[in-house]
Structure formats: structure tokens, C-alpha cells
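Spelled out from the first residue to the last, the chains are:
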Amino acid sequence: SLNEIRDSFIAGMAELGYDESKVEYDLQNGQNDPTILNSIAQKFVGDDVDLIVAIATPAAQSMAAATSDIPILFSAITDPVYAGLVQSLDAPGGNITGTSDAIPVESIFQLADELTPGIQSYGLLYNAGESNSQSVIAQVKEYLDSKSIAYTEATVTNSSEVQQAALNLVTQCDAIFSPIDNTVASAMPALATVAIENGKPVYVAADSMVNDGGLATVGISYTNLGKETAEMAVEILEGGDPATIPVRTLSEFSRVINPDTAAALGITVTE
């Protein structure tokens, strides 16, 4: 998903008249590692770049901590207020604004009721250190509580822990849910393998996690998110103030289902 945003952003900039003959890109991968992210932030500040584009919450938080002067444009931040990046969605304040990939949590569980009716318990798998996951999990708990559906939590600190956490959860629940969590996403094939071997569906919050073996989600287009981010970048480069540019959240959602995973679980997906 993050690579998709990057590529779509660059393509969107070109479509808006800012191709690579006019824009110099310094592409850096923080590898979801705070130490690397902080080093990248210091590099950008030292180079006095015109604009920092930070994809995903850990990257945005590192960039925001490094500078209050250089404009920062984030993308794929589920809850930028909860993450401490902006004061509000309408009036961000400071030097930062961007695009959110927030999704309607209840829609995912409504889809789960259609595909795999009768789920009595969910395993919630996420990295408690990722604020984007914390925010979504809080919404999930509220929803499941309102429906009297039980849940068990399993938290991880790095991708190597995902497989064991999944092995523990499949013995305790009917299905697994994971939010847009960078740690879990990077180990999604391992999670999917464990779940399929044990006949348990995995519902996620990002289409890329479905592509990597999850059963289904209701999510946004990360290509569209990248293009929206490009539009905001042009606005800032042409003199716009991030403090007064509202955060954009996509309103169009799609149901994404992995047919191979569905077949492996014996689930029939109707038209």
C-alpha cells in the first residue's frame, strides 16, 4: 500500500505539471524502524528540502518531531489527531497536513457477517506501539461490545512475532481482525498461512493485506490517496499554508475479497 501511494503520488505530480524535470525526489525507506526514520528526518532537515512527504504514521511522527519549519505532507494516516500530528482535521495548525486512510470499521464487520456469518469471537492482532492501530482497535472494541461479540487481543512489537501470535489466536477465536498495521502487514503472508491452515478467516483494513492472503476488507484506493496527496503538495508548493489546509479523507470505499483465500476456507462468494 505504501509503495502504491509513493508511485501514485509521483505520477499525480507529473499529471499536475510537476514531472521529474521540475521536481527532485529523494526517496527514502524508513523500514518501520524509528532509528532509521529519525536519521532520514535529520537528513531532510539538513538538506533544507522544500517539502517532506511522509507515508504512514511512524514516518510522519518522526518528520514532525524533526522540524516545525519545513512543510510536511503526510499520507495514509488513519487518525492524525490521535497520532498527535494535527490539532484538528479542518484546521491542522503548524507545518503539517495531509491525507487520511480512515475507514468505516463497522462496514468491515458487516461484510464479515455476510461472508462468514455466526462469528462469536474475534482475535485482534496489532502492534500496540502504532498509534494508527490503537485508534482503530478502540473503535473495533466499541463496535464488538455493542454487538456482544467477544474478542481476544494479541499484540506484537515486530513482524517476527506475528506468526506465533496468530498460532495463539486461532485456538481462541472464530476469526482474526488486523487494522492498517505496518508491523502485521509486513508479515501478512505468515498470518494468512496460519489462519488458512486452521480454517479461520482474517479480516483486515487494507487492500494490500487482502492481496497478501487476508480474506476481505472494506477499504480505500491507495492510488487515489496518492493522487489526492499530490494535489495537496502542489497547493503547498504554490504557496499554500499547511496550517490552514484541511486534512483530506477519502469517502469512496470498495469491498475487496481474495478469491483464493475464500476457496481455501470453503467460502462461496456470491455475485
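The structure displayed is predicted, hence computed values, not measured ones.

**Student:** Account for the packing of helix α4 (residues 105–115) against helix α5 (residues 131–146), with residues named and values stated.
**Tutor:** Relative orientation of the contacting elements α4 and α5 amounts to 50°, with a least axis distance of 9 Å. Relative to α5, the element α4 lies oblique. Where α4 crosses over α5, the handedness of that crossing is right-handed. Counting all contacts with α4, which are made through V105, E106, F109, Q110 and D113, the residues of α5 involved are V136, Q139, V140, Y143 and L144. Residues that form the contact of α4 with α5 fall into these classes: 6 nonpolar, 2 polar and 2 charged.

**Student:** Run through the environment of L16, naming residues and quoting values.
**Tutor:** Mapped onto the elements, L16 comes out in the loop between α1 (2–15) and α2 (34–47). With 214 residues separating them in the primary sequence, L16 and A230 have C-alpha atoms 8.2 Å apart.

**Student:** Residue-level account of unusual backbone geometry, with values.
**Tutor:** Within the chain, A56 stands out as a residue other than glycine whose phi angle is a positive 85°. Following the sequence through the fold, A56 ends up in the loop between β1 (52–55) and α3 (57–66). According to the relative accessible area criterion, A56 is buried, its value standing at 6%. We note that S148 has phi near 55°; this positive angle belongs to a residue other than glycine.

**Student:** Break down the packing of aromatic side chains for me, with residues and values.
**Tutor:** Across all of its chains, the model carries 4 aromatic pairs by this definition. Ring geometry for F109 versus Y122: centroids 5.0 Å apart, planes at 85°, classification edge-to-face. One end of the pair, F109, is in helix α4; the other, Y122, is in strand β4 (residues 121–126), and 13 residues separate them in sequence. Exposure remark for F109: the relative accessible area of 2% places this residue in the buried category.

What counts and how
Residues numbered from 1 in each chain as written. Predicted model: local features only at pLDDT ≥ 70, side-chain atom pairs only at ≥ 80, totals over all residues. Heavy atoms only, no water. Axes fitted to C-alpha atoms, helices over the stretch in contact; angles between N-to-C directions. Helix = DSSP H or I, 4+ residues; strand = E, 2+ residues; numbered from the N terminus. Parallel < 35°, antiparallel > 145°, perpendicular 65-115°, else oblique. Left-handed = near helix turned anticlockwise from the far one by under 90°. Contact = heavy atoms within 4.5 Å. Nonpolar A, V, L, I, M, F, W, Y, C, P; charged D, E, K, R; others polar. Buried < 20%, exposed > 50% of the residue type's maximum accessible area, 1.4 Å probe, protein only. Phe/Tyr/Trp six-rings, centres within 6.5 Å; stacked < 30°, edge-to-face > 60°.

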